[in-house]
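Coordinates in review
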Amino acid sequence: LRRQHDSHVVANLSACTYRQRVGLLDQTTEPLAFAVWVWTSTSVAQHLRPPTPSLRLFIFPYPNNSYAGLESVKRMAKRAHAAGHNISLDIFYTQWFFGVPYGVQRRRPAPWRNLTFDALLDATYNYTRASVGALVAQGTPPATVQIGNEINCGIFFPDPDKPCSSGGEVCQCEDNWGNLARIIAAGSRGVRDAYPPANIIIQLGASKDLSHGGQWAHKFYTTIAAAGAPYDAFGLSFYQIWGARNVSDLCFIADAARALPDKKIYVIETGYPYKYGHRFQPGKVPGQVFPATPAGQLAWLRAVLYTVEHGLWGRGAGVSWWGTEYANPCSGDECAAFWDANYTGLPVLTDRGFRPSDPNNPPPHGVKCPPLDAEKDTRTAATNRAREQFGPSDRLRFLDGWWR
C-alpha cells in the first residue's frame with residue numbers, strides 16, 4: 001500500500017481493496033465487503049480509542065453472489081476477528097441488486113415466496129438465529145446486527161398478485177405497520193436467542209429526510225416501536241450526494257431521539273467523494289460546502305465523526321464508511337473509496353482521519369446539536385430553508401430511492 005499523505009496508518013481495514021494484499025485479505029478480483037467502521041463508541045462491545053475498526057458484512061438468505069453467503073461471511077469474520085476487529089452483520093433478507101426497481105429488490109427471496117405470513121415470520125427467525133449462531137459458534141460473535149438494510153418502506157414487499165398483508169411494506173400499504181413490526185420482532189428474537197449482547201440496529205436511508213427535518217425518521221422509528229418491534233439503535237445512511245445539506249442535518253434526528261430515549265444512534269453508512277465522477281458531478285449538490293477533493297473527503301469524515309461522537313446528546317455509537325474498497329473502478333454513484341485509482345491511500349485512511357476529536361475544538365462543520373429539551377421552534381427556520389431548497393417531501397417517492 002502506497003501512502004503519500006501521512007506516514008501513520010492507524011487502521012488495519014480488512015476488506016478495502018480489490019487486487020492488493022492489505023492486512024488480512026489475500027489477493028482477490030472482487031470486493032469482499034462494502035463498509036468498514038471508522039469509529040465506534042467505547043460503550044459498544046469492546047471498541048477502544050484509538051479505534052479498532054469493525055468489518056460490516058452483508059448476508060442474504062439466498063445470495064446471487066458468493067461473498068454474501070453464510071460460508072463467505074464466516075470466513076471473512078474469522079479473518080477480521082483474528083486481527084482484533086469486531087463484526088457488524090447486516091442481514092438483507094430480500095434479494096437486492098443494482099439495476100432493478102426498488103420494489104422488486106425488496107420482495108421475498110424465491111424459496112420464501114409462497115409461504116404464509118406466519119411461515120415467513122418463522123423463516124425470518126430461523127434464518128437470523130442460524131446466521132448469528134454460526135458466527136457465535138466459531139468464536140466471531142457480531143457486536144451489532146441489522147434487521148434489513150435501508151428499510152424506509154419496510155421488508156418483504158408484496159408481489160404484484162399478493163395483498164399488502166403478505167409482507168411488511170408501509171409506504172403504499174399504509175396500514176401495514178403491525179406486519180413490519182412482527183417481521184422485525186422475529187429477526188430480533190433470532191438475534192437475542194443466538195447472541196443476547198448484540199446491538200440490534202434498524203437502518204433508514206436518511207440523508208434527504210434529515211435535510212427536511214427528520215419527519216419520516218421520527219414517524220418510522222416511533223411507529224415500529226409502538227407496534228412492538230424491539231431494537232436498540234437507529235442506523236442512519238447519511239450522504240451529501242443523496243440529499244444531506246450539511247453535517248448539521250444529523251441534528252434533525254432529535255424528534256426521534258427525544259421520543260425514544262433508550263436508542264443509540266449510528267451513522268451506519270456515510271461517504272464522500274475525493275473527485276467528481278459517475279453520478280456525482282459539479283452542481284449535483286446545492287450549496288455544496290465540502291469540495292470533491294481528498295481534503296474535502298477528509299473534512300466530511302472529520303465533521304461526521306465529531307458530530308456523532310460529541311454532538312448527538314451522548315448517544316452517538318459509531319460511524320461506518322461505505323465503499324472503502326471501490327478504488328478502480330469507482331462505485332456506480334461516486335468515487336468515495338479510501339484509495340485513489342492508483343491504489344494510493346487517501347487522507348481519510350491516515351491518522352488525520354481517525355484521531356480522537358477534541359470536544360471543545362470542532363472541525364469545520366462539525367456541530368454539537370441543541371439540547372433535546374430545547375424548544376422545537378429553534379429548528380423551524382432551518383427546516384423551512386431545507387424545504388425551500390429541495391422541494392416538498394413526498395412519501396411515495398421513497399419507492400424509487402429518492403429518500404436515500
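Rules of the game
- Residues numbered from 1 in each chain as written.
- Predicted model: local features only at pLDDT ≥ 70, side-chain atom pairs only at ≥ 80, totals over all residues.
- Heavy atoms only, no water.
- Helix = DSSP H or I, 4+ residues; strand = E, 2+ residues; numbered from the N terminus.
- Expected span 1.5 Å × (residues − 1).
- Buried < 20%, exposed > 50% of the residue type's maximum accessible area, 1.4 Å probe, protein only.
- Contact = heavy atoms within 4.5 Å.
- Polar contact = N/O pair within 3.5 Å; in protein donor to acceptor, adjacent residues only side chain to side chain.
- Phe/Tyr/Trp six-rings, centres within 6.5 Å; stacked < 30°, edge-to-face > 60°.
- Pairing = 2+ DSSP bridges.
- pLDDT = per-residue confidence, 0-100.
- Disulfide = S-S within 2.5 Å.

Notes on helix α4 (residues 177–194)
For α4, built from 18 residues, the straight-helix expectation of 26 Å at 1.5 Å per residue is met to within 8% by its first-to-last C-alpha distance of 26 Å. Listed in full, the buried residues belonging to α4 are W177, N179, L180, A181, I183, I184, A186, G187, S188, G190, V191 and A194. Packed against the buried residues of α4 are α3 (117–137), β5 (142–147), β6 (154–155), β7 (168–169), β8 (199–205) and α6 (215–226).

Some points on the side chain of E169
Within the secondary structure, E169 is located in strand β7. In this structure E169 comes out as buried when scored by relative accessible area, which is 3%. For E169, the side chain forms a polar contact with the main-chain nitrogen of C173, separated by 2.9 Å.

Thoughts on the packing of aromatic side chains
Within this structure, the stated rule accounts for 18 aromatic pairs. With centroids separated by 5.6 Å and ring planes inclined at 15°, the aromatic side chains of F238 and W300 adopt a geometry described as stacked. Of this pair, F238 sits in strand β9 (residues 233–238) while W300 sits in helix α8 (residues 294–311); the two residues are 62 residues apart in sequence, bridging distant segments of the chain. We note that F238, like W300, is buried. Between Y276 and F280, the ring centres sit 5.3 Å apart and the planes meet at 15°, which makes this aromatic pair stacked.

Looking at α6
Compared with the 16 Å implied by 1.5 Å per residue over 12 residues, the 16 Å span of α6 between its first and last C-alpha is a close match. When α6 is considered as a whole, its buried residues turn out to be W216, A217, F220, Y221, T222 and I224. Buried residues along α6 sit in contact with α4, β8, α5 (207–211), β9 and α7 (254–259). Backbone geometry just downstream of α6 places G228 in the positive-phi region, at approximately 105°.

Examining the pairing of β8
Consecutive side chains of a regular strand alternate in pointing toward one face of the sheet and then the other. The buried fraction of β8 is high, at 7 of 7 residues. Side chains of β8 alternate between two faces, with N199, I201, Q203 and G205 and I200, I202 and L204 buried alike. In the sheet, β5 pairs with β8 via 3 bridges, with the strands oriented parallel. Note that in β8 the partner of Q146 across the bridge is I201. Here 5 bridges tie β8 to β9, and the two strands are oriented parallel to one another. Paired with Q203 across the strands is G235, a residue of β9.

Things to note about the confidence of the model for the protein
Reading fine detail from the predicted coordinates is not recommended where pLDDT is low. Chain-level statistics for the protein give a pLDDT mean of 81 and a share of 76% at 70 or above. In the model, residues 1–34 has pLDDT below 50 throughout and makes 98 contacts with residues more than four positions away in sequence or in other chains. For the stretch residues 381–404, pLDDT sits under 50, and the model shows 66 contacts to residues farther than four places along the chain or on other chains.

With respect to the state of the cysteines
In a disulfide, the sulfur atoms of two cysteines are covalently bonded to one another. Within the structure shown, the criterion is met by 4 disulfides. Bridging C153 to C171, the disulfide has an S-S length of 2.0 Å. One quick way to see it: the torsion about the S-S bond of C153 and C171 is about -85°, and its sign makes the bridge left-handed. Highlighted residues: C153 in the loop between β5 and β6 and C171 in the loop between β7 and α4, separated in sequence by 18 residues.

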